[in-house]
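Per-entry structural report
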Amino acid sequence: MSEAVKTVSEKSKADAPSAPSVNSTRTSPEDSKSSDDNNSKPLSSSSAKQKNPMKVDILLKHIGDAPIMTKRKWTVDRTKKISWVADFIKKYIKSDSTESLFLYVNQSFAPAPDTDLGSIFDCFNSDGKLVLHYCRTQAYG
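Residues numbered from 1 in each chain as written. Predicted model: local features only at pLDDT ≥ 70, side-chain atom pairs only at ≥ 80, totals over all residues. Heavy atoms only, no water.

Looking only at helices and strands, one finds five helices and four strands in the chain. Residue pairs at least 24 apart in sequence account for 60% of intrachain contacts in the chain once pairs closer than 6 positions are excluded. Working note: accessible area of the chain is about 10,600 Å², and carbon and sulfur atoms make up 53% of it. (Helix = DSSP H or I, 4+ residues; strand = E, 2+ residues; numbered from the N terminus. Contact = heavy atoms within 4.5 Å. Areas by Shrake-Rupley, 256 points an atom, 1.4 Å probe, with all protein chains shown as cover.)

Before going further, it helps to examine the packing of aromatic side chains. Evaluation of the coordinates by the stated rule reveals five aromatic pairs. Ring plane angle 80 degrees and centroid distance 5.6 Å describe the contact between W74 and Y92, whose orientation is recorded as edge-to-face. You can see W74 sitting in strand β2 (residues 73–77) and its partner Y92 sitting in helix α4 (residues 82–92), a full 18 residues away along the chain. Pairwise contacts between aromatic rings join W74, W84, F88 and Y92 into one cluster. (Phe/Tyr/Trp six-rings, centres within 6.5 Å; stacked < 30°, edge-to-face > 60°.)

Core analysis: the biggest nonpolar cluster contains 21 residues, and I58, L60, V85, I89, L117, L130 and Y134 have the highest contact counts within it. Of all the secondary-structure elements, those providing two or more residues to this core are β1 (55–62), β2, α4, β3 (102–105), α5 (117–124) and β4 (129–135). Those residues in contact with I89 that sit more than four places away from it in its chain are L60, M69, L101, L103 and Y134. (Core = buried A, V, L, I, M, F, W, Y, C linked by side-chain atoms within 4.5 Å. Buried < 20%, exposed > 50% of the residue type's maximum accessible area, 1.4 Å probe, protein only.)

With that settled, the discussion passes to α4. Looking at α4, one finds that the buried residues are I82, V85, A86, I89 and K90. On an axial view of α4, the arc spanned by its buried residues comes to 140 degrees, and they lie on one face. (Arc of directions from axis to C-beta.)

Counted under the stated rule, the structure contains four salt bridges. The closest approach of N and O atoms between K55 and D77, which form a salt bridge, is 3.1 Å. Of this pair, K55 sits in strand β1 while D77 sits in strand β2; the two residues are 22 residues apart in sequence, bridging distant segments of the chain. A salt bridge links E99 to R136; the shortest N-O distance between them is 3.2 Å. (Salt bridge = Lys/Arg side-chain N within 4 Å of Asp/Glu carboxyl O.)

Residue-level pLDDT values for the chain average 75, and 64% of them are 70 or greater. A low-confidence stretch, residues 19–50 (pLDDT under 50), is modelled with one contact involving residues beyond four sequence positions or located in other chains. (pLDDT = per-residue confidence, 0-100.)

This part covers the environment of F88. Following the sequence through the fold, F88 ends up in helix α4. F88 sits in the partly exposed class, given a relative accessible area of 24%. Not counting chain neighbours up to four residues away, the residues in contact with F88 comprise M69 and W74.

Turning next to the pairing of β4. Within β4, six of the seven residues are buried, which leaves the element mostly enclosed by the surrounding structure. Bridge count for β3 against β4 is four bridges, and the pairing is antiparallel. For Y104, the partnering residue across the bridge sits in β4 and is H133. (Pairing = 2+ DSSP bridges.)

For α5, the full list of buried residues reads L117, G118, I120 and F121. All buried residues of α5 fall inside an arc of 165 degrees around its axis, so they share one side. As for α5, its buried residues are in contact with β1, β2, α4, β3 and β4.

Structure follows, in structure tokens:
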């Protein structure tokens, strides 16, 4: 019986693929790259979906007696000004255009009306969103 086991093990060694020899030909990195490109899978929907670099996400939160906006998250062009956001909020909450509206970044400071949203977003974004708080009366400082 040991002979049968020996012949089976010898056969399995003979059937096993041999290690590549030292003199085997190598493929260039360009060849392997092109074969990888041919076998590559299309991007999945989650990785293919990328944010538009010309837009920023803003999150609008009310303070005090300001009306609550039903939709709080908006995507806006980076080139829009803070004054545009204030006018947009006034129209959305159906406020009078002469009524004052105060905007605050992260509940800390009021940006100048002529400041671009993109520059504020670059400095003060939180989790990929710019949080702007709005109110009808002056709230902070």
